[in-house]
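Coordinate inspection notes
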Amino acid sequence: MTNDTHWMQLALIEARKGVGKTAPNPPVGAVIVHNGILLGTGWHRAAGRPHAECEALAAVLEQHGCDALRGATVYVTLEPCSTCGRTPPCTRALIDAEVARVVYACVDRHPEHAGRADSLLAAAGIAVSSGVCRDEAERLLRPYFKVLTTGLPWVIWKSAMSLDGCITRPPGESRWITGEPARADVQQLRSTVDAILTSGATVRQDQPALTIRLPELLEERQQPWRVVFSDSPESLPLAAPLFTDAWRERTLIRPRHDLTQSLRALAREQGVLTAMTEAGGVFSAALFEAALVDEVVVYLAPRLCGGTLPALAGPTWRESLRLVETDLIQLGDDFRFRGIIAR
């Protein structure tokens, strides 16, 4: 592992702290090094707050003073921004700090930024390198890049099921398919998304809360948007938790008949980058049929339930979907499978 790779890996650790917190901005991390010594770190905490580079610069200034920045190297997981939005451009901050070198992992695909940082920094005498840990950084930034290029959020199909593909247990048994470790992992997953998608049928039948319930996972973020897709909103139970709890203002109702346009509006109007499903087989199948699902997270319980409620309940598909970048881990007695849909 080269020195550049080592420091960029630390910047990626910083960037992961922002997953689920920064929308509509991407999660970005930065570290600042001088003569092989780590001086400061930073990550983007929320839209409107300082970007990762500025967080790291501020940390160095506070701990070491401005002289420490002169001649330093800044590692950042995304090309520094070069335009003034809700915050000043990071390229300007880096130039003013008189750093000697900037290393970034991948180019920002935003048309206002893409490729501009190199020339601006080079004109100020700052050496620039890019592409270090690019693949890993781009995986982290996939939701942001998808919204930029398609206008649609990254969608995770999440389901908990028995080995025979059922999402409910026989009458009289517990409502839970999986055990506590798997359910705790679902809470962690919810903390990484901006919205949870469900159907009117699920709200009427289960009246779910769809919240992050662990306080430590809510630090520096709001509850995710809870989006109910229904073409007959008048039939929704207004006494359900989604419409009455402390976060009812985070509940949205969107049309069910055109999922693509409803999701596009969610990205445009609420700034959603990543969404996950908490719904039954009919709604889940509709998302797959519309080619809107990007990632699969399935919790498998070691039981057979029978029944008539499958995890996917749509018409026969024309072709199967292949998953890549797959991962399988055990959580108590259950297993979590994760993978990306190959395009």
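In this text the structure is predicted, and so the values were computed from the model without any measurement. (Residues numbered from 1 in each chain as written. Predicted model: local features only at pLDDT ≥ 70, side-chain atom pairs only at ≥ 80, totals over all residues. Heavy atoms only, no water.)

1. What about the layout of surface pockets?
Approximately 1200 Å³ is the volume found for the largest pocket. In terms of lining, the largest pocket is formed by 44 residues, of which the most central are I167, T202, D206, E278 and A279. Those elements giving two or more residues to the lining of the largest pocket turn out to be strand 6 (154-162), helix 7 (180-190), helix 8 (200-206) and helix 11 (281-289). The greatest single-element share of the lining of the largest pocket, amounting to six residues, is contributed by helix 8. Of the voids in this model, the second largest pocket is the one considered here, and its volume is about 970 Å³. Taken together, 41 residues form the lining of the second largest pocket, with V19, R139, L140, T192 and R338 sitting closest to its centre. At the level of elements, helix 5 (134-140), helix 6 (142-150), strand 6, helix 7, strand 11 (295-301), strand 12 (323-331) and strand 13 (334-341) are the ones that each hand at least two residues to the lining of the second largest pocket. With four residues, the top contributor of residues to the lining of the second largest pocket is strand 13. (1 Å grid on protein atoms, 1.4 Å probe; cavity = no way out; pocket = protein on both sides within 12 Å on 5 of 7 lines; lining within 4 Å. Points joined across faces, edges and corners; volume = space filled by probe spheres on them. Helix = DSSP H or I, 4+ residues; strand = E, 2+ residues; numbered from the N terminus.)

2. Considerations on the pattern of salt bridges
Counted according to the given criterion, the structure contains 22 salt bridges. A salt bridge links R336 to D185, with the nearest nitrogen and oxygen atoms 3.1 Å apart. Of this pair, R336 sits in strand 13 while D185 sits in helix 7; the two residues are 151 residues apart in sequence, bridging distant segments of the chain. You can call R336 buried: its relative accessible area is 12%. According to the relative accessible area criterion, D185 is buried, its value standing at 16%. Between R268 and E269 there is a salt bridge, and its shortest N-O distance comes to 3.5 Å. Judged by its relative accessible area of 57%, R268 falls in the exposed class. The class for E269 is partly exposed, based on a relative accessible area of 48%. Through salt bridges with shared partners, one network takes in R45, R49, E55 and E220. (Salt bridge = Lys/Arg side-chain N within 4 Å of Asp/Glu carboxyl O. Buried < 20%, exposed > 50% of the residue type's maximum accessible area, 1.4 Å probe, protein only.)

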